[in-house]
Every structure is written in structure tokens, then in C-alpha cells.
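The primary structure of each chain is shown beneath.
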Amino acid sequence: MKTTLLLFLLLISSTLFSQKFTLEGVLKDQDSIVLNGATVYVQSAKDSVPIAYGITNKNGEYSLRVNAGEDSKVIFNIASLGYESYIKIVNVPQNGTLNMGYLVLNNEIEELDVITIIARAPPVLIKKDTVEYNADSFKTLPNDKAEDLLKKLPGVEIDLDGIITVNGIEVEAINVDGMRFFGEQKGDIALKNLPSNVISKVRGDRL
């Protein structure tokens, strides 16, 4: 049985990576109603690893600061409950900004008597003060521990003293399946000994 690694934060910032280019646009549904709170994220075209994420605001607008590294193309994704997913491979712009304009998501079809759905959970979901990472979306080695997994998550950093930050905000405590680890020493033990392959989700919550 896989577990959920929960990180408690004082605050989660919306600032992502240092800018390589900005991807922006507006999201609406098929009735021209703006979609608020949809998850938008960008993946590397080489290995599908997420490199930027965000959510649409009350006006359906989004703006992601993307560090594409050496990639000339990236994969742009949109996920919103009740709507069909949007996936598109886009070229990294030369002028530093890529405006996707107005994008429309269609409602999911529910009328069919029998339907087979093959779905893949988004690597990152953002709900109000919570950021949730799908651990299976990030490649790890068989012997990797929780600490190795965290280092692969976009926006998460661990310094030489074992201090964890998410988008520059320090993590205050770690919770593993209801057991809370206080203090640097216990948290460090948990991260260095818990196998990464038993973790299904990593969630960052504001205290």
C-alpha cells in the first residue's frame, strides 16, 4: 500500500522558477464561461517531467514562468474537473513570452451507457492553499528514498542542512500517514529511510 507524504508549510508562494519564458492565456468553457481554479502545467518534452505549474484566476487567466532548460519544445497541459483535458506540444518562444490566447475546454461526455476511460492523473494539482504532487509522475531509481523524490519535484529544494523549502518557503513539519515528525532530526530520518516507491502523493499545506 502506498502512502502520502504531507509537508506542512507556513505559506505557499505562487512564484515558480527563474524565468526562461512566460506562458500565458485565458481559459473558458464551451459556453464562454471563464474557468477559475483549473490546473495548468508544463512538462519537459524529453522526459515528461513537470517543470512549471499554476492555476487559473477568477478571470480564467494564467501565467506560468517556465524554465525549459535546453528543450526547444515543452508540453502544455490543462486539467479541470468535469472537462476534457487539454494537451499540446509548443515551441519555446524566442522573445520570452508565449501567449496561448483564449482556450476552450469541452465538457466531459456522460451520456454513454458504457464507457472505458484511460486517464493519467496530473503530476501537480493546486487547490487553494494546497499543492499536491503525483509521485508516479516523477522518475526515481529503485533504491531512492523520500528525500530523492522531493528533490525532483518542481519548486521543492533541500539544502545541505536538510531544510526543505517549497517555492522559497520553509517547511515546518512532515506528516507520513498520520504520523507527524517534528524537528529537523526526526524529519531527516523519515526522508532518508522511507523508500520513494511507497509514496503515491506529496502534498504541501499551509499551516
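These numbers come from a predicted model, not from an experiment.

Trainee: Explanation requested: the nonpolar core in the structure shown.
Mentor: Nonpolar side chains in soluble globular proteins tend to be buried together. Among the nonpolar cores identified, the biggest contains 24 residues, and L23, V42, F76, I78 and M100 are the most heavily contacted of them. Counting only elements with at least two residues in this core, the list comes to β2 (21-29), β3 (39-44), β4 (50-55), β5 (61-66), β6 (73-79), β7 (86-91) and β8 (97-105). Counting residues per element, this core draws most heavily on β8, at 4 residues. F76 has contacts with L23, V40, Y41, V42, Y62, Y86, I87, K88, M100 and L103, leaving out every residue within four places of it along the chain. Core analysis: the second largest hydrophobic core is formed by 22 residues, A146, L153, I174 and L194 among them.

Trainee: Help me out: how do you make sense of the pairing of β4 in this one?
Mentor: The side chains of a regular strand alternate, residue by residue, between the two faces of the sheet. By the criterion of burial, β4 is predominantly enclosed, with 5 of the 6 residues buried. Direction of pairing for β3 relative to β4: antiparallel, over a ladder of 5 bridges. Its bridge partner being in β4, T39 is matched across the sheet by I55. Linking β3 back to β4 in an antiparallel pair, the connection comprises 5 residues, with S48 at a positive phi of about 65°.

Rules behind the numbers
- In this numbering scheme, every chain counts its residues from 1 along its sequence in written order.
- In keeping with the predicted nature of the model, local features appear solely for residues at pLDDT of at least 70, side-chain atom pairs appear and are counted solely at 80 or more, and the whole-chain, interface and lining totals rest on all residues.
- Think of the side-chain values as coming from all heavy atoms in the structure, minus any hydrogens and water.
- In this text, buried Ala, Val, Leu, Ile, Met, Phe, Trp, Tyr and Cys residues form a nonpolar core when linked through side-chain atoms within 4.5 Å.
- Only protein chains enter the accessibility calculation, which uses a 1.4 Å probe; a residue whose area is less than 20% of its type maximum is buried, one above 50% is exposed, and one in between is partly exposed.
- Helical segments are the DSSP runs of H or I of at least four residues, strand segments are the runs of E of at least two, and each set is numbered from the N terminus.
- Any pair of residues with heavy atoms lying within 4.5 Å of one another is described as a contacting pair.
- Paired strands, as defined in this entry, are two strands with at least two bridges between them according to DSSP.

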